[in-house]
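# Reading the structure
Chain residues, written in single-letter form:
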Amino acid sequence: MIGSGFGGSVAAHRLVEKGYRVAVMEMGLRWGREDFPPTSWSIHRWFWRPRLGLHGFFNMRFFRRATVFHGCAVGGGSITYAGTLLRPPDKVWDMGSWAGVADWKSEMPQHYHTASRMLGVVENCIMGPADHLLKRAADALGVGHTFYPTHVSIFQPAAGEPGGNSVADPYFAGEGPERATCVACGGCIMGCRYGAKNSLDLNYLYLAEKHGAQVFPETKVVGVRPLPGAGDGSAGYEVRSLRSTGWLPRNRRRFTSRGIVFAASALGTMELLFKLKENGSLPAVSEQLGKYVRTNSESLIGLRIPRCADDLSKGIAIGCGIYIDENTHIEPVRYPSGSDTMMFLTTPLTGGRPGRMRILLWLKNLLVSLLQHPLRTLRLFMPCGWARESIILLCMQAAEGHIDMRWERPWFWPWSKWLVSRGERIPTFIPQANRFAERFAQLAGGTAMSMLPEILFNVPGTAHCVGGCIMADSRAGGVVDYANRVFGYKNMYVTDGSVVAANLGVNPSLTITALAERAMSFIPPATRTAWDDQAEDLGKPSSGATVTARSG
Ligand SMILES: Cc1cc2nc3c(=O)[nH]c(=O)nc-3n(C[C@H](O)[C@H](O)[C@H](O)COP(=O)(O)OP(=O)(O)OC[C@H]3O[C@@H](n4cnc5c(N)ncnc54)[C@H](O)[C@@H]3O)c2cc1C
Ligand code: SF4
């Protein structure tokens, strides 16, 4: 297993259950609840940039077409995620290359059900001040009927009870760890210091390890090649790794395995497969690698309400959502009190045409605002109190739009190849979401804010990067088949977000988990495996036809 996020943890747990010996290689560190940084000012314990001595669990990668936020830890993105787990609308199964490769609408509900049970999904009953504020704005702006409490993987106290109570495993009939109920501190994104967020190290991965999976933290996989004698991997694979946290590449290790699961996230799996295809280790990986990378058509908008009477950081990280039109979904995100560093990425909201004109418009607006309301404008740039006074509106659309990733030498670093983004630019902001944010700000007495990289570099930000190893009916159309098996190799799977073939319009982790559950359901128990499992190149099914997946 390469990576221990949603796809990796599901695969580890299910394979151990089926009697396989499982090793999980994870580049990030293992975190206990007492290790999480109290605020985002503890940059070295929040950010992941080991070459700079930063050994946290959150990373930002900058590309010309998108800024990608992602997690890096034992438990993958679940350590930093907000815990929002939503099902996408049915229409996403008719979009993109996975349309027609399985009977999604009848198959997926059972896997969503299992994923939700394992992740402890409940309807949120903790409404914080930011949620109430959004409800009031939605009512005033005519979309109040779309307001809903999110489904979340957070262990919530019973109605009327305070949070913070420890209880023996409430989820797995005593098999799981002790837990505590949520205290509504708003800190989910900085790692839950109370043990209330159902991150993967407390469910799937916990159970996998308990039953024999071996997790190797701080272990970065750098090589995978078929063992000699069978170029298709039917004899097994050699896996090479390095210690990920050292200054120099050290602690080189070599493992062998019969099968392999790539679950290193969309970016991680693409990066590794590009490297392995290029250096001749896995030359048969589809040419579609890196195509159809999606950002959930996402845009982040800030809202700062100086001297707000309520502490907007309280509640859970994402407690509710609304739809401002059929396609545009907005969730209010918060950071815990004191985690004010995100302020440095925000600036007063600016629309206009992307590019130089938008930068000029931004400078003009900023100047006018400084001249007209100098104190109010300067106050927006004071980090102190930002989290208590701010909401980030996470705006998503289930609309078509993608970029491509390639493996190239960037002009500024011609010595080695990197993942670089190419293709049509995706819109940096959603005009109707900007209009909503402006009116919301007027109603709440605050100021709407854009993300600075969006304006300066015309680059949207996303925490939900998916695709790049998309699922399709043939090697000509994608990298994996309907059962997540890599075209061209035996006993090789991809189970992370890179297989997702459409913008979901909602946070993707529940879908990644459900797809991984589905993929693992096809694998027979260890005692019955013939070690010859390979992708089926089905060609384009005739219109309306569906493929019935084989059972284990
Ligand atoms: C701040 C934030 C909040 C979020 N909130 C939500 C939310 O509320 N709901 C939601 O649905 N989604 C949320 N997401 C997105 C969610 O975290 C991702 O969609 C999800 O984690 C992707 O799962 P995955 O299985 O593809 O990979 P990941 O969970 O990203 O796991 C991949 C793992 O592989 C490891 N890895 C990478 N390369 C290698 C290598 N070469 N060797 C070894 N290990 C490697 C990485 O360190 C990582 O731990 C959020 C993301 C962020 C950044
Ligand atoms: S709000 Fe606080 S206690 Fe509740 S899950 Fe999030 S971090 Fe944990």
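Use the structure listed above.
This text gives an overview of the structure that appears in the document.

## Describing the overall build of the chain
Looking only at helices and strands, one finds twelve helices and 27 strands in the chain. By the compact-globule yardstick of 24 Å for 552 residues, the chain fits well, its C-alpha radius of gyration being 23 Å. C-alpha extents for the chain along the principal axes are approximately 75 × 55 × 55 Å. Counting all 552 residues of the chain, 59% fall into the buried class. Put simply, 73% of the contacts in the chain that link residues at least 6 apart link residues at least 24 apart. By element, 55% of the accessible surface of the chain is carried by carbon and sulfur atoms, the whole surface being about 22100 Å². If the 59 positive side-chain charges of the chain are averaged to one point and the 45 negative ones to another, these points end up 7 Å apart.

## Digging into the side chain of Lys277
Examined against the element boundaries, Lys277 turns out to sit in helix H6 (residues 265-278). Assessed through its relative accessible area of 18%, Lys277 is described here as buried. In contact with Lys277, not counting residues within four places along its chain, are Leu282, Pro283, Val285, Ser286, Glu287 and Leu289.

## Remarks on the packing of aromatic side chains
Applying the stated criterion across every chain, the model contains 25 aromatic pairs. Between the aromatic rings of Trp46 and Phe58, the centroid separation amounts to 5.0 Å while the plane-to-plane angle is 5°, which identifies the pairing as stacked. Within this pair, whereas Trp46 is found in helix H2 (residues 43-46), its partner Phe58 is found in strand E4 (residues 58-62), the two being separated by twelve residues in sequence. The residues Trp46 and Phe58 share a single accessibility class, namely buried. Centroid distance Trp93 to Trp98: 4.5 Å. Interplanar angle 35°. Geometry classified as tilted. Here Trp93 matches Trp98 in class, with each residue buried. Taken together, the ring pairs in this structure connect Trp411, Phe412, Trp413, Trp415 and Trp418 into an aromatic cluster. The ring of Phe147 carries Lys135 above its face, with NZ or CZ at 5.8 Å from the centroid. If you follow Arg485 out to its NZ or CZ, it ends over the ring of Tyr482, 5.4 Å from the centre.

## Looking at the packing of helix H4 (residues 129-140) against helix H10 (residues 431-444)
For any two helices packed against each other, one specifies the crossing angle of their axes together with the interaxial distance. Interaxial distance between H4 and H10 falls to 10 Å at its minimum, and their mutual angle equals 110°. On the basis of their axis angle, the class for H4 and H10 is roughly perpendicular. Seen along the crossing, H4 lies across H10 with a hand that is right-handed. Together, Leu133, Leu134, Ala137 and Ala140 of H4 and Phe436, Phe440, Leu443 and Ala444 of H10 make up the contact between the two elements. The class makeup of the residues in the contact of H4 with H10 is eight nonpolar, no polar and no charged.

## What to know about H6
Taking 1.5 Å of rise per residue, the 14 residues of H6 would be expected to cover 20 Å, and the 20 Å separating its terminal C-alpha atoms lies within 8% of that figure. Taken together, the buried positions of H6 are Ala266, Leu267, Thr269, Met270, Leu272, Leu273, Phe274, Leu276 and Lys277. One or two steps after H6, the chain reaches Gly280, where phi turns positive at roughly 85°.

## Digging into the state of the cysteines
Cysteine pairs can be linked by a disulfide, which is a covalent bond between their two sulfur atoms. The full count for this structure, using the stated rule, is zero disulfides. Of all cysteine sulfurs in the structure, the one in Cys308 sits closest to Cys384, which takes part in no disulfide; the separation is 15 Å. For Cys469, which is in no disulfide, the shortest distance to another cysteine sulfur is to Cys465 and amounts to 11 Å.

## Quick notes on the nonpolar core
Core analysis: the biggest nonpolar cluster contains 76 residues, and Trp98, Trp104, Val224, Phe262, Met270, Leu282 and Met405 have the highest contact counts within it. Counting residues per element, this core draws most heavily on H6, which supplies seven residues. When sequence neighbours within four positions are dropped, the list of residues in contact with Leu282 reads Val224, Pro226, Phe262, Leu273, Leu276, Lys277, Tyr489 and Met492. If you look at the next biggest cluster of nonpolar residues, it comprises 40 residues, including Ala82, Ile154, Ile189 and Val333.

## Here we look at the sheet that holds strand E25 (residues 461-462)
Strand order in the open sheet formed by three strands is E4-E5-E25, with mixed pairing between adjacent strands. Each edge of the open sheet carries a strand with a single partner, namely E4 and E25.

## Structural notes on unusual backbone geometry
One non-glycine residue, Ala173, adopts positive backbone phi at about 50°. The phi dihedral of Arg307 is positive, around 55°, even though this residue is not glycine. Given a relative accessible area of 67%, Arg307 falls into the exposed group.

## With respect to the site of ligand 1
If you check the shell around ligand 1, you find 37 residues, and the closest are Glu26, Gly77, Thr84, Gly497 and Ser509. In this structure, Glu26 approaches ligand 1 through a side-chain N or O atom, which is 2.6 Å from an oxygen atom. Measuring from a nitrogen atom of ligand 1, one finds a backbone N or O atom of Val221 at 2.9 Å. The fraction of the free accessible surface of ligand 1 (990 Å²) that becomes covered by protein chains is 94%. Those elements giving two or more residues to the shell around ligand 1 turn out to be helix H1 (6-17), strand E5 (67-71), strand E12 (219-226) and helix H12 (509-521).

## Here's the deal with the packing of H1 against H12
At their nearest, the axes of H1 and H12 sit 9 Å apart, and the two run at 30° to each other. The pairing of H1 with H12 is recorded here as roughly parallel in orientation. Where H1 crosses over H12, the handedness of that crossing is right-handed. Contact with H1, carried on its side by Phe6, Gly7, Val10, Ala11, Arg14 and Leu15, involves Ser509, Ile512, Thr513, Ala516, Glu517 and Met520 of H12 and no other residues of that element. The class makeup of the residues in the contact of H1 with H12 is seven nonpolar, three polar and two charged.

## Looking at the sheet that holds E12
The strand order E12-E13-E14 describes an open sheet built from three strands, whose pairing is antiparallel. The sheet terminates laterally at E12 and strand E14 (253-257), the two strands that pair on one side only. Averaged over all pairs of adjacent strands, the angle between their axes in this sheet comes to 25°, without regard to strand direction. In terms of strand pairing, E12 meets strand E13 (residues 237-243) through seven bridges, oriented antiparallel. If you follow Gly223 over to E13, its bridge partner there is Arg240.

Definitions and limits used
- Residues numbered from 1 in each chain as written.
- Chains lettered and ligands numbered in written order.
- Predicted model: local features only at pLDDT ≥ 70, side-chain atom pairs only at ≥ 80, totals over all residues.
- Heavy atoms only, no water.
- Helix = DSSP H or I, 4+ residues; strand = E, 2+ residues; numbered from the N terminus.
- Rg over C-alpha atoms; globule rule 2.2 N^0.38 Å.
- Buried < 20%, exposed > 50% of the residue type's maximum accessible area, 1.4 Å probe, protein only.
- Contact = heavy atoms within 4.5 Å.
- Areas by Shrake-Rupley, 256 points an atom, 1.4 Å probe, with all protein chains shown as cover.
- Lys, Arg positive; Asp, Glu negative; His and termini not counted.
- Charge placed at Lys NZ, Arg CZ, Asp CG, Glu CD.
- Phe/Tyr/Trp six-rings, centres within 6.5 Å; stacked < 30°, edge-to-face > 60°.
- Lys NZ or Arg CZ within 6 Å of the ring centre and 35° of its normal.
- Axes fitted to C-alpha atoms, helices over the stretch in contact; angles between N-to-C directions.
- Parallel < 35°, antiparallel > 145°, perpendicular 65-115°, else oblique.
- Left-handed = near helix turned anticlockwise from the far one by under 90°.
- Nonpolar A, V, L, I, M, F, W, Y, C, P; charged D, E, K, R; others polar.
- Expected span 1.5 Å × (residues − 1).
- Disulfide = S-S within 2.5 Å.
- Core = buried A, V, L, I, M, F, W, Y, C linked by side-chain atoms within 4.5 Å.
- Pairing = 2+ DSSP bridges.
- Near = heavy atom within 4 Å.
- Polar contact = N/O pair within 3.5 Å; in protein donor to acceptor, adjacent residues only side chain to side chain.

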